[in-house]
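This is what each chain is made of:
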Amino acid sequence: MTPIQDHPLRFALANELHARPFPISRAPCTVAYLAVKQPDAAVGRDREADRAHLIDLLDRHGAAHPQPGATHYAGQIGRHWLKWESHTEFVTYTAFATGVSARPFDPVDFEVFPPDWLAAAPGQRVTSSLLRVEEQPPEADIIAALADWFVPESLAAAHVLDRAAVAAGDFRIDPAGHMRFAVFVAPDTGERRIGRIIQRLCEIETYKAMSMLGFARVKALGPKLGELDAALTALMVKMTDGDHPAEELLPQLLSTSAELETMAARAEFRLGATGAYEAIVGQRISSLREERFGGRQTFADFMLRRYEPAMRTVKSTEQRLKRLSDRAIRAGDLLRTRVDVERSAQNQALLESMDRRADLALRLQHTVEGLSVVAVSYYAVSLVSAFLLPLSEWYGIDKKTLIALVTLPVVGLVWLGIQRIRKKLH
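Only a predicted model underlies this, so the values are computations on that prediction, with no experimental measurement involved.

Novice: Could you give an account of the overall build of the protein chain, naming the residues involved and the relevant values?
Specialist: When its secondary structure is counted, the protein chain shows 8 helices and 9 strands. In summary, the protein chain has a C-alpha radius of gyration of 45 Å against a globular reference of 22 Å for 426 residues, an excess of more than 25%. With the principal axes as the frame, the protein chain shows a C-alpha extent of 160 × 60 × 45 Å. When the 426 residues of the protein chain are sorted by exposure, 40% land in the buried category. Taking the contacts inside the protein chain whose residues are at least 6 apart along the sequence as the reference set, 73% of them involve residues at least 24 apart. Surface exposure of the protein chain reaches about 24200 Å², of which carbon and sulfur atoms provide 59%.

Novice: Tell me about the pattern of salt bridges, and name the residues and values.
Specialist: Applying the stated criterion across every chain yields a total of 24 salt bridges. Between Glu-203 and Arg-284 there is a salt bridge, with the nearest N and O atoms lying 2.3 Å from each other. Of this pair, Glu-203 sits in helix α5 (residues 191-241) while Arg-284 is found in helix α6 (residues 246-287), placing the two residues 81 residues apart along the sequence. Residue class for Glu-203 comes out buried when judged on its relative accessible area of 14%. By relative accessible area, which is 21% here, Arg-284 ends up partly exposed. What emerges from the salt-bridge pattern is a single network uniting Asp-56, Arg-60 and Asp-116.

Novice: Kindly report on unusual backbone geometry, identifying the contributing residues and their values.
Specialist: Trans peptide bonds make up most of the peptide bonds, and negative phi angles are found at most residues other than glycine. Residue Pro-28 follows Ala-27 across a cis peptide bond; omega there is 0°. With respect to the helices, strands and loops of the structure, Pro-28 is situated in the loop between α1 (10-16) and β1 (29-37). A positive phi angle, close to 50°, is found at Ala-41, a residue other than glycine. Since its relative accessible area comes to 62%, Ala-41 is described here as exposed. Even without a glycine there, the phi angle at Asp-162 is positive, about 60°. Residue Asp-162 is classed as partly exposed on the basis of its relative accessible area of 48%.

Novice: Explain the nonpolar core to me, and be specific about the residues and the numbers.
Specialist: Of all hydrophobic cores here, the largest spans 59 residues; its most connected members are Ile-198, Leu-201, Phe-299 and Met-303. Here this core gets 15 residues from one element, more than from any other, and that element is α5.

Novice: Tell me about the side chain of Gln-199, and please be specific about residues and values.
Specialist: Here Gln-199 shows up in helix α5. Of note is the side chain of Gln-199, whose polar atom sits 3.3 Å from the side chain of Lys-83. Setting aside its immediate chain neighbours within four residues, Gln-199 contacts Phe-22, Pro-23, Lys-83 and Glu-85.

Novice: Tell me what's going on with a nonpolar patch on the surface, and back it up with residues and numbers.
Specialist: Side chains of Leu-350, Leu-351 and Met-354 sit close together on the surface and give an oily, nonpolar patch of about 300 Å² of accessible area. Turning to its location among the elements, Leu-351 is positioned in helix α7 (residues 299-394). Given the relative accessible area of 46%, Leu-351 is considered partly exposed.

Novice: Lay out the sheet that holds strand β6 (residues 156-160) with the relevant residues and their values.
Specialist: The mixed open sheet is built from 9 strands, whose spatial order is β2-β3-β4-β1-β5-β8-β7-β6-β9. Edge positions in the open sheet fall to β2 (72-77) and β9 (291-292), since each of these has one partner strand only. For strand β5 (residues 124-135) and strand β8 (residues 179-185), the ladder comprises 7 bridges, and the chain directions are parallel. Within the sheet, the bridge partner assigned to Val-133 lies in β8 and is Val-183. Of the strands in this sheet, β5, β6, β7 (165-169) and β8 touch helix α4 (residues 139-149), which is tilted by about 175° from β8.

Novice: With reference to specific residues and values, describe α6.
Specialist: The end-to-end C-alpha distance of α6, which contains 42 residues, comes to 58 Å, matching closely the 62 Å that a straight helix rising 1.5 Å per residue would cover. Considering bend angle alone, the principal kink of α6 is centred on Ala-267 and spans about 45°. Once α6 finishes, Arg-289 follows within two positions and takes phi at roughly 50°, a positive value.

Novice: So what's going on with the environment of Leu-288? Which residues, and what values?
Specialist: Take Leu-288: it is sitting in the loop between α6 and β9. Residues Leu-288 and Glu-342 lie 54 residues apart in sequence; the distance between their C-alpha atoms is 65 Å. Not counting residues up to four positions away in its chain, the partners in contact with Leu-288 are Val-160, Leu-161, Arg-200, Leu-201 and Ile-204.

Cut-offs used in this document
- Within every chain, residues take consecutive numbers counted from 1 along the sequence as written.
- Reporting in this predicted model follows two pLDDT cut-offs: at least 70 for local features of residues, and 80 or more for side-chain atom pairs to be given and counted; totals over whole chains, interfaces and linings ignore these cut-offs and use all residues.
- Values shown for side chains rest on all heavy atoms present in the structure; no hydrogens or waters enter the calculation.
- Strands are runs of DSSP state E lasting at least 2 residues, helices are runs of H or I lasting at least 4, and numbering of each runs from the N terminus.
- For the radius of gyration, the atom set is restricted to C-alpha positions; the globular benchmark scales as 2.2 Å times the number of residues to the power 0.38.
- Each residue gets one of three labels from its accessible area relative to the maximum for its type: buried under 20%, exposed over 50%, partly exposed in between, using a 1.4 Å probe on protein chains only.
- Contacts between residues were defined by any pair of non-hydrogen atoms, one from each residue, lying within 4.5 Å.
- Where accessible areas are quoted, they stem from the Shrake-Rupley method and a 1.4 Å probe; at the residue level, only the protein chains shown are allowed to cover.
- By salt bridge we mean one thing: a side-chain nitrogen of Lys or Arg within 4 Å of a carboxyl oxygen of Asp or Glu.
- We call a set of buried Ala, Val, Leu, Ile, Met, Phe, Trp, Tyr and Cys residues a nonpolar core when their side-chain atoms join them within 4.5 Å.
- For the purposes of these results, a polar contact is taken to be a pair of N or O atoms within 3.5 Å, where, inside protein, one atom must be able to donate a hydrogen and its partner to accept one; residues adjacent in sequence count only when each atom of the pair is a side-chain atom.
- Here, patches come from residues exposed beyond 30% relative accessible area and free of salt bridges, joined within 9 Å for like charges and within 5 Å for nonpolar side chains (Val, Leu, Ile, Met, Phe, Trp, Tyr).
- Note on pairing: DSSP must find at least two bridges between two strands before they are called paired.
- Whenever a helix is involved, its axis is fitted only over the stretch in contact; in every case the axis is a line through C-alpha atoms, and angles between N-to-C directions fall within 0 to 180 degrees.
- Multiplying 1.5 Å by the residue count of a helix minus one yields the expected span of that helix.
- Each residue is assigned a bend, namely the angle between axes fitted to the seven residues that terminate at it and the seven residues that start at it.

Everything listed is a geometric property; what it means functionally is a separate question.
Here you go:
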């Protein structure tokens, strides 16, 4: 090998591309398929419980165990060849058996998964299917078989993979609780191509079922979204008419916004997963390279009429939830702007009131200063008169005349002194 250090994940990531190869199968054969998902928090589930459940099935047939921490397994269990895969939210079991039963889609074919083992599954069934793979008979026989096995109103049938086979199914749950698919294989179709057809049909059904969980979620969200939409509109009307104070509207808006954010957070993963699963369904159908069989609708036609409306509903609800959240944010911004304007007006009024009070205080100060001049002058005149009284008697000036002579100079000096003190303080 080239003498250079490899990234520690190089081999693991390269091997991941080859971890889930298509199964190999020959016609005729019967395929029993099962997908199991935990009802809550499936992404963070205990995956060891899934592996323990697989090992329980393997031990019943004395088969080898998977590697610790494995996310996929393939091996022989009795007369069946089993393929197990662990996905983000669910696990799948695909059991292949050579030959087909005399009774088409016989529930006995699913007994590769024992009832007590199914009851102990760490999760719930998302979907289960029985696939009947036969060599391709004349077209008239295929048409007769499809009319006998499936509901004509919802039957989808098409030539797939450049007419390598005819695939058909009606996406209805039969009395035994399983979906039914039939594959009529052309004589020159290889075993790997047959395996790809089977794998894609199973994946179409599984990811369709998983994406429909998102449809169920948005149907449950619909009534509450309607209530929140009406509440948000009513709040906007109240904000517009100006008759309701912001203090009354703010708690209501916060409550509505909190409910919308909580709803969006709880639905975010399911809505995102639904979009991803829908894309996988479309890709798997496209990879079948369908051609119309006997004038019947193809799988793409069936999905366009039955499946796409549900997915458009999911997308519409997701966009509606986002728009409501955005409206709540804009309403909050408007309400905050209104509160800021009202506070600015209150602050302006407060400043004007403070200015008026300061002006009154200044006037009062001037009044007090005038009174202070009078009061200080009164005592100063008394002191100066008492000091100059002996001299006034010497010059023959009476007391009243002396007081009159000193009053103006004393008042002037007191006034000048107070002004000088005020100037120093400022």
